[in-house]
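Structure assessment
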Amino acid sequence: MTTTALPIAQILKGHGQSLHQALRMLSEHQPPTTSDTTISPAALMADIETLADKPEADSNDSPDGQVNKKLILRTHIQRLNPSAQLTRDVQPALIFVDLFISELTAQTKPHSSITHLCRKTSLMIGCLLLTRPDIAITADHPFCRLIQKLYQQLTLWEPAAGRQGKAFSEWLHKLCQELPVLDINSSQEMDGYSKQLQAIIESDLERSQKVEQRLLEAASGSNALETARKTVIEFIGRRLSQRELPEDVALFIQNTLISDLQYLLIHEGIECELWKKWKRLLQIFSWAFLSDSSESHRTKVATLLPPMIEKLDESYWQGLPKAEQYPDFISAIQHYFLQAMTGTPIVTKPFPDLLPTSAEAPQKAMLSQNIEHDLSHIKEGDWFLFRQDSKEYLKGKLLYKSPKLNTLLMTKYSGQKLADYSFDDFSVGLAAKNILPLKTHQLYALALNSTLQRLDNHYQKNLQAEKHREILMARQQAALKAEKEAQVLHQQAENLPEISDNLRSSLQQQIAQLNVGAWLKWQRTETQTVEIKLSVKLQNSDKYIFTDRLGQRIADYSLTQLVELMAQKQITILSQGENFESSLEKVVRGLRKP
């Protein structure tokens, strides 16, 4: 019985026997090829070695520098010889290895400077896997570990200034030269190359982290500045918005005091004594200049303003950036407090709103919460692809994420700044698929899983095609058999003597007298005689249907055919069967018996 699905789950667990079983199943149900020209993996590798590491002038590759997602091994074989195929011993492994390596290469999207070198490396790795396809699913095999580390690096790397910035591309070129003679089953050789690659990765990482540290320090400063600004604005806004203040006091607060208090919080923190003193003074501003003639307000003014006037000295501005502007401001405050105490009218205006209105605040808060929720799964250190108009991709790492600043800072592989995004812009980019998550650590597993799913789909299509071919062949054979039988009957009819009118009339009369249930003997073949019963008699459509003793339909004839068969002694009547009236009479007699 044909297995209807490949053992994907077992293959993903690293079972090499399951992979070889799947390759045999694919090979058995693969359409046959007629080519007599074969190429060995060694010959294929030798040809790949001649490829250039960089695009040639007549290259047919796409101008955007991206690797074509075609089956790269099959494409190369066809370019080498359109009618050739691999030798029989590795032919079953070709479809798996080619799909897998092509999928890895396509998902990698290497930097344009090493696109062709990456393709050449992939072709060589594919050649090596043709003889040992099970290595691709054996996670602890040294060659498999090297492949995984290599494609992770190909996904992220980009050149940088200096010798260190080109170390990886030079190592990749050296690897390409040595791959044809490597012993992929040697742990010592494979681990040696893995250690070389790891050393390059760690050196690049150390270099990029130094650059990123400077960016983080700047971002941290921006965060501190924003926190201080928000603290000052929220405090003053809650206390003074729409409160009556002298116009010159209001202008000084907006133009000088707010920025100086932000400076104070950045350098001294919210626990410093000067910030607490200004908070108490600003709290007094919220009620000191009200036009309120109530007894309680007059009592409050008379009780709290005199001690505050005495406390207003140079300690309020020492250490502030614009200290020289404060003596006149403090004098003006003292003057306004005295007017308030004596009940002298003060010309005031409402202090402007520094915070969002009550109608805007819930909407902004809701929008911010929704966007932050959408990006809650995004973490610092995650990598992304940024689609460009030229169909090329930029790759960036999320270095810094600050909901307070509404900022996502992206850096390149080198650690240099790539771009700043607001939360809403980044969310829109993700939704439009102009920004794509780059799961480097899952790249190998995703490519392997995708390959096996495509193999299974290919296997299912082959099974369906086989079934369709079998149905077509059965129909063709049935049609051919019917045609031959018709020719035999036609020849027999031509060779038979002509039936006389008297015999035809006599046979027709005998047939007409047959009732349903009549038994006849049919000479089916020269050696086989079958008793058949007339089960259905359709005179209007000129059809007589016969069954065997089990009730299975065995034949149906027209009157003319029956006459010819009876004339040829192939059918003889054993009994005519009972008519309806005789049958009814028997039933009635049976009912009358006591």
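Structural notes on the side chain of Gln 153
Following the sequence through the fold, Gln 153 ends up in helix α7 (residues 142-156). Sequence-distant contacts of Gln 153, that is, excluding residues within four places in its chain, are made with Phe 168, Leu 197, Ile 201, Asp 204 and Tyr 413.

A closer look at the sheet that holds strand β11 (residues 529-538)
The strand order β13-β12-β11-β10-β14 describes an open sheet built from five strands, whose pairing is antiparallel. Only two strands of the sheet have a single partner each, and these edge strands are β13 (553-557) and β14 (571-575). Ignoring strand direction, the axes of neighbouring strands in this sheet form an average angle of 35°. Examined bridge by bridge, strand β12 (residues 543-547) and β13 share four bridges and lie antiparallel to one another. Paired with Ile 545 across the bridge in β13 is Asp 556. Together, β12, β13 and β14 form the strand contacts of helix α18 (residues 559-567), whose direction differs from that of β13 by roughly 100°.

A few points about the confidence of the model for the protein chain
Put simply, the protein chain has an average pLDDT of 85, and 89% of its residues get 70 or more. Below pLDDT 50 for its whole length, residues 56-69 participates in 18 contacts with residues either more than four positions away or in separate chains. Contacts of residues 358-367 to residues separated by more than four positions or lying in other chains number one contact, the stretch itself having pLDDT below 50.

Digging into the environment of Trp 522
As for its placement among the helices and strands, Trp 522 is situated in strand β10 (residues 519-523). In this structure the C-alpha to C-alpha distance between Trp 522 and Ile 532, which are ten residues apart in sequence, comes to 6.9 Å. Excluding anything up to four places from it in sequence, Trp 522 contacts Gln 528, Thr 529, Val 530, Ile 532, Ile 554, Ala 555, Tyr 557, Gln 570 and Ile 571.

A word on the packing of helix α9 (residues 187-240) against helix α11 (residues 273-288)
Between α9 and α11, whose axes approach to 9 Å, the crossing angle comes to 25°. Of the possible angle classes, the one that applies to α9 and α11 is roughly parallel. Contact residues: Thr 231, Val 232, Phe 235, Ile 236, Arg 239 and Leu 240 in α9; Trp 275, Lys 279, Leu 282, Gln 283, Phe 285 and Ser 286 in α11. Of the residues in the contact of α9 with α11, the class split is seven nonpolar, three polar and two charged.

About the thresholds
- Residues numbered from 1 in each chain as written.
- Predicted model: local features only at pLDDT ≥ 70, side-chain atom pairs only at ≥ 80, totals over all residues.
- Heavy atoms only, no water.
- Helix = DSSP H or I, 4+ residues; strand = E, 2+ residues; numbered from the N terminus.
- Contact = heavy atoms within 4.5 Å.
- Pairing = 2+ DSSP bridges.
- Axes fitted to C-alpha atoms, helices over the stretch in contact; angles between N-to-C directions.
- pLDDT = per-residue confidence, 0-100.
- Parallel < 35°, antiparallel > 145°, perpendicular 65-115°, else oblique.
- Nonpolar A, V, L, I, M, F, W, Y, C, P; charged D, E, K, R; others polar.

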